[in-house]
Amino acid sequence: MTDKERQELLQRLLEKQKDGGLKPADRYEIPPQDMPEQDPVERARNVNEVATGYTETHARLEALRCLQCKTAPCIKGCPVKIKIQDFIAAVSEGDFKKALTIIKENSLLPAVCGRVCPQEVQCQQTCTVGLKFKDPTKAVSIGRLERFVADLDQEEIIPTVAPNTGMKVAIIGSGPGGIVAAADTRRAGHDVTLFEAFHKTGGVLVYGIPEFRLPKSIVQKEIDVLTKMGVKIVCNFVVGRTRTIEQLMKEDGFDAVYIGVGAGLPRFMGIEGESLVGVYSANEYLTRANLMKAYDFGSGADTPIARSQKVAVTGGGNVAMDSARTAVRLGAEKVYLVYRRTEKEMPARIEEVHHAKQEGVEFHILQSPKRVIGDENSHVTAIECLKYRLGEPDESGRRRPIPIEGSEFQIDVDTVIIAIGNIANPLIRQTTPGLEFNKWGNIVVDENCKTSLEGVYAGGDIVSGAATVILAMGQGRIAASAMNKYLAEKSDCNKPC
Amino acid sequence: MPHKIVSKRRLSEDVFTAEIEARLVAQARKPGQFVIVSLNNEYGERIPLTIADAEPKRGTIRLIWQRVGKTTAELADMQAGDEIANVTGPLGKPTHVENFGTVVCVGGGIGNAPLLPIAKALKKAGNKIISILGARNKELIILEDEFAAICDELIITTDDGSYGRKALVTEPLEEVCRRDNKPDQVVAIGPAIMMKFCCEVTKKFNIPTQVSLNTIMVDGTGMCGGCRVEIDGQAKFVCVDSPEFDGHKVNFDLMIKRLNAYKDQEQEAYEQYNEHRCKIGLDKRNAE
Ligand code: FES
């Protein structure tokens, strides 16, 4: 559809709506609006954002596809319960400011969520339009609309901050959960300090998710809002090493602490050759490429990264896709994605799988490395893989991969990236007596994100193992409201009666 | 938050020391720990450096580093009053210190820097300290006086015989191990190859040997795994699980290979920097 056709269609629809409304049948006929993107060949050579965003016409047309269901099944799928049908109605009317206000009632970082939320398994999974077409990709593109509205938000709205309460809050980790928790506790008038171990704030949003999926400037904008609200930011601060939680509370006067330190240690496969030169965890590969800007090595950046010709990425999640697509951009000739099950079982978003393929990543499904082979200099030269077939479903509901004996074969590569998840970082555990952990090393919390220590709350990956950005934000919000309540009671007690 | 360099000095041709402001690190730091330093927020690389000493009251730490690549060279070109963009720490697990009896502290080259606070702590815990310090030549022996002040016995070796004994550190180490009152513990810190050979010696005598590993790092908090080494066939993260390990279990050969992973790129960056400093006359300034 050309721009002109799109505009004409929108005009016709709006007139029809004025004349007596659009019937569901009319709405079903509106073609789903694809996201405009950079050309795959072009973008494989740059780090700019792949999806360039809806125009106003795209957005209003897409919004008109929404049936405005009374039951709003989409909201049930949203972890933070954004009033989805209301904001979409505002978009269709062209009142984008109103749309944003509605979104912001529940979500703090719409520009981020609109980009990285897995809408197809959340709000869009239950969308009536998608169900009608029996195709989740034909659901109303709630995420794209959210992003469109958020990106229009040029004038920064700085939330109002309540008068000073005299209470001090420490937020540990400046990832999505920490950002939300910091904003919400600061709004209540507390003196909030946000601690970050890296030299830059944003957590996984800046070290993990690549620029081409989530531009750093968008995250920085959110951080700037925090600063303007009066949140103090301290980088290069490793809680448990620079100061312990106990010290923060007993010596530094913090009344409440939120722990949002993220995932922690990368998981390796435990196979032979995994420490050879050229084997990376996805965390390391992405951190070098993203946060440290290794793509500019030699023209400014000081952090090197492998100059790879042939790369194998193992895993099937978003992080695996991000790693593979980063390798493409760093100039690898061949990038293979090796996964034990089939594409159907991949935890990655359909969109990311699609993008990876468009950019030339070759999928090797039903295969998994058995060992990594190196030369006399301990440099990777190949991986030896086993072929797999699918058996009965396991506890996760996905069919279990079963290795086929004797099916070994080799793929020549010089770089291997392991993207099979993380395990909990033991640092807080080792340095915080009295804090309760489960057997996987994750912090135990109640429904208010409260831990076993008074005044200490936690959320995100350190609690749930592997969560999504939006879930971490949701927990940051829950924890903040519990902290605000706790601090209000505490300050009441402190008042002379 | 930038960290001011209070004072800076050259210890030998390529080894420098600086006292820098880092109040929280100075308060928290224990022997065996290190910091991660980067010189530029946007583009700087993150490198681990040993904390050689700290003045908690003054809020300063002392770093010692060897000029081997771009960042260490850039750091060497900085002067008192200049600011280091980022200093994170203290990182790593502190050294386990107890009264073992007699401890041999073996330091190679720049390894004397991390070794010194450990030797001091061991002395304080009541150990008898025998130190063996080695380097290629006299010029490169650092911190001799500081060691002399705390050691019960001090042996110096140089490869070229320009100072002390003409030998590798492993020679006197073997002799000390042969003594009737065999040492109870050995701590060896230096180039990977030196630690490897020290461990081969002490293994023969069955003397527990602690080494401190200086791998490539990114975050220093356990998040990337880039610092991993093979201990007894298992991957361990240097920044979380130590830097100290049972030397008899370390796969030094693999560690040496991993240390050289970016050799070509590091060389390019270093050359680029040297060209740049010639152009802007930094080389002259530093020669003064
Ligand atoms: S430096 Fe990243 S895990 Fe140790």
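Residues numbered from 1 in each chain as written. Chains lettered and ligands numbered in written order. Predicted model: local features only at pLDDT ≥ 70, side-chain atom pairs only at ≥ 80, totals over all residues. Heavy atoms only, no water.

A few words now on the overall build of chain A. Helix and strand counts for chain A stand at 20 helices and 16 strands. Here chain A has a C-alpha radius of gyration of 24 Å; the compact-globule value for 497 residues is 23 Å, and the two agree. Dimensions of chain A along its principal axes, counting C-alpha atoms only, are 75 × 70 × 50 Å. A buried classification covers 58% of the 497 residues belonging to chain A. Of the contacts made within chain A by residues no fewer than 6 positions apart, 68% connect residues no fewer than 24 positions apart. For chain A, the accessible surface area stands at approximately 20800 Å², while carbon and sulfur atoms represent 51% of it. For chain A, the centre of its 63 positive side-chain charges and the centre of its 65 negative side-chain charges are spaced 3 Å apart. (Helix = DSSP H or I, 4+ residues; strand = E, 2+ residues; numbered from the N terminus. Rg over C-alpha atoms; globule rule 2.2 N^0.38 Å. Buried < 20%, exposed > 50% of the residue type's maximum accessible area, 1.4 Å probe, protein only. Contact = heavy atoms within 4.5 Å. Areas by Shrake-Rupley, 256 points an atom, 1.4 Å probe, with all protein chains shown as cover. Lys, Arg positive; Asp, Glu negative; His and termini not counted. Charge placed at Lys NZ, Arg CZ, Asp CG, Glu CD.)

Attention now moves to the overall build of chain B. Within chain B, the regular secondary structure consists of ten helices and 16 strands. Expected size for 288 residues packed as a compact globule is a radius of gyration near 19 Å; at 19 Å, chain B falls within 12% of this value. Projected onto its principal axes, the C-alpha positions of chain B cover 60 × 40 × 40 Å. Residues counted as buried form 56% of the 288 residues belonging to chain B.

What follows deals with the packing of helix 16 (residues 318-329) of chain A against helix 17 (residues 350-358) of chain A. Residues and elements named next belong to chain A. As a packed pair, helix 16 and helix 17 sit with axes 10 Å apart at the nearest point and diverge in direction by 20°. On the basis of the axis angle, helix 16 is roughly parallel to helix 17. The interaxial crossing formed by helix 16 with helix 17 has left-handed handedness. Residue-level inspection shows Asn-318, Met-321 and Arg-325 of helix 16 in contact with helix 17, the latter providing Glu-352, Val-353, His-355 and Ala-356. Here the residues of the contact of helix 16 with helix 17 are counted per class, giving three nonpolar, two polar and two charged. (Axes fitted to C-alpha atoms, helices over the stretch in contact; angles between N-to-C directions. Parallel < 35°, antiparallel > 145°, perpendicular 65-115°, else oblique. Left-handed = near helix turned anticlockwise from the far one by under 90°. Nonpolar A, V, L, I, M, F, W, Y, C, P; charged D, E, K, R; others polar.)

With that settled, consider the side chain of Thr-342 of chain A. All names here are of chain A. Here Thr-342 shows up in the loop between strand 8 (334-339) and helix 17. A residue is classified by how much of its surface remains accessible, and Thr-342, at 17% relative accessible area, is buried. If we ignore the near neighbours within four places in the chain, the residues touching Thr-342 are Ile-365, Leu-366 and Leu-390.

As a further point, take the pairing of strand 15 (residues 234-237) of chain B. Residues and elements named next belong to chain B. Note that strand 14 (residues 228-231) and strand 15 share four bridges and pair antiparallel. Counterpart to Ile-231 in the pairing with strand 15 is Gln-234. The turn joining strand 14 and strand 15, which pair antiparallel and follow one another in sequence, is formed by two residues; a positive phi near 55° is taken by Asp-232. (Pairing = 2+ DSSP bridges.)

All names here are of chain B. Pairing is mixed across the open sheet formed by seven strands, whose spatial order is 11-10-9-8-12-13-16. Both edges of this open sheet fall to strand 11 (165-166) and strand 16 (244-246), since each of them pairs with a single strand only. Helix 3 (residues 112-124) contacts strand 8 (102-108), strand 9 (128-135), strand 12 (185-189) and strand 16 of the sheet and is inclined by roughly 165° relative to strand 8.

Next up on the list: the side chain of Glu-284 of chain A. Looking at the element boundaries, Glu-284 of chain A is found in helix 15 (residues 282-289). With a relative accessible area of 4%, Glu-284 of chain A lands in the buried category. Here Glu-284 of chain A is in contact with Val-218, Cys-224, Gly-225, Gly-226, Arg-228 and Tyr-262 of chain B, once residues within four sequence places are set aside.

Our next topic: the interface of chain A and chain B. In many analyses, interface size is given as the accessible surface area lost on bringing the parts together. Tallying the contact residues gives 46 residues for chain A and 45 residues for chain B. For the pairing of chain A and chain B, the buried interface totals around 3900 Å² over both sides, and the portion due to carbon and sulfur atoms is 52%. Taken as a group, Arg-241, Ser-275 and Asp-302 of chain A account for 19% of the area that chain A buries against chain B, more than any other trio of residues on that side. Arg-307 of chain A is the partner of Glu-268 of chain B in a salt bridge, and the nearest nitrogen-oxygen pair spans 3.0 Å. Taken together, the links from chain A to chain B amount to 21 residue pairs in polar contact (both at pLDDT 80 or more). Looking at the side of chain A that touches chain B, the elements that each hand over two or more residues are strand 5 (265-266), strand 6 (279-281) and helix 15 of chain A. (Buried area = accessible area lost by both parts, 1.4 Å probe. Salt bridge = Lys/Arg side-chain N within 4 Å of Asp/Glu carboxyl O. Polar contact = N/O pair within 3.5 Å; in protein donor to acceptor, adjacent residues only side chain to side chain.)

Residues Ile-84, Phe-87, Ile-88, Val-91, Val-112 and Leu-145 of chain A are the most contacted members of the largest nonpolar core, which totals 79 residues. At eight residues, helix 20 (residues 469-494) of chain A tops the list of elements feeding residues into this core. If near-sequence neighbours (up to four positions away) are discounted, Ile-88 of chain A is found in contact with Ala-63, Cys-66, Gln-68, Val-140, Ile-142 and Leu-145 of chain A. Residues Val-338 of chain A together with Val-169, Cys-177 and Phe-237 of chain B belong to the second largest nonpolar core, which totals 55 residues. (Core = buried A, V, L, I, M, F, W, Y, C linked by side-chain atoms within 4.5 Å.)

Residue and element names in this part refer to chain A. Inspection of the entire model under this criterion finds nine aromatic pairs over all chains. For the ring pair Tyr-28 and Phe-133, a centre distance of 5.9 Å and an interplane angle of 85° mean the geometry is edge-to-face. In this pair, Tyr-28 sits in helix 2 (residues 24-29) while Phe-133 sits in the loop between helix 9 (128-132) and helix 10 (142-152), placing the two residues 105 residues apart along the sequence. With a centroid separation of 5.9 Å and 75° between ring planes, the pair formed by Phe-195 and Phe-254 is classed as edge-to-face. Placement of Phe-195 in strand 2 (residues 191-195) and of Phe-254 in the loop between helix 14 (245-250) and strand 4 (256-259) is noted, with a sequence separation of 59 residues between them. Phe-254 carries the same exposure label as Phe-195, and that label is buried. Every member of this aromatic cluster is reached through a ring pair, and the members are Phe-195, Phe-237 and Phe-254. (Phe/Tyr/Trp six-rings, centres within 6.5 Å; stacked < 30°, edge-to-face > 60°.)

Another aspect to go through is the confidence of the model for chain B. Looking at chain B, the pLDDT average stands at 93 and 98% of residues meet or exceed 70. Taken over the whole predicted complex, pTM reads 0.93, whereas the ipTM for its chain interfaces reads 0.92. (pLDDT = per-residue confidence, 0-100.)

All names here are of chain A. Within the secondary structure layout, His-364 lies in strand 9 (residues 362-365). Relative accessible area serves as the criterion here: at 16%, His-364 is assigned to the buried category. If near-sequence neighbours (up to four positions away) are discounted, His-364 is found in contact with Tyr-336, Leu-337, Val-338, Tyr-339 and Ile-411.

Residues and elements named next belong to chain A. The strand order across the open sheet built from five strands is 6-14-7-8-9, with neighbouring strands paired in parallel fashion. In the strand order of this sheet, the two ends are held by strand 6 and strand 9, each with one partner. The mean inter-strand angle of the sheet, taken between neighbouring strand axes irrespective of direction, is 20°. Inspection of the sheet shows strand 8 paired to strand 9 by four bridges, in the parallel sense. Along strand 9, the bridge assignment pairs Leu-337 with Phe-363. Here helix 16 sits on the sheet and contacts strand 7 (310-314), strand 8, strand 9 and strand 14 (415-418); the angle it forms with strand 8, its principal contact strand, is near 165°.

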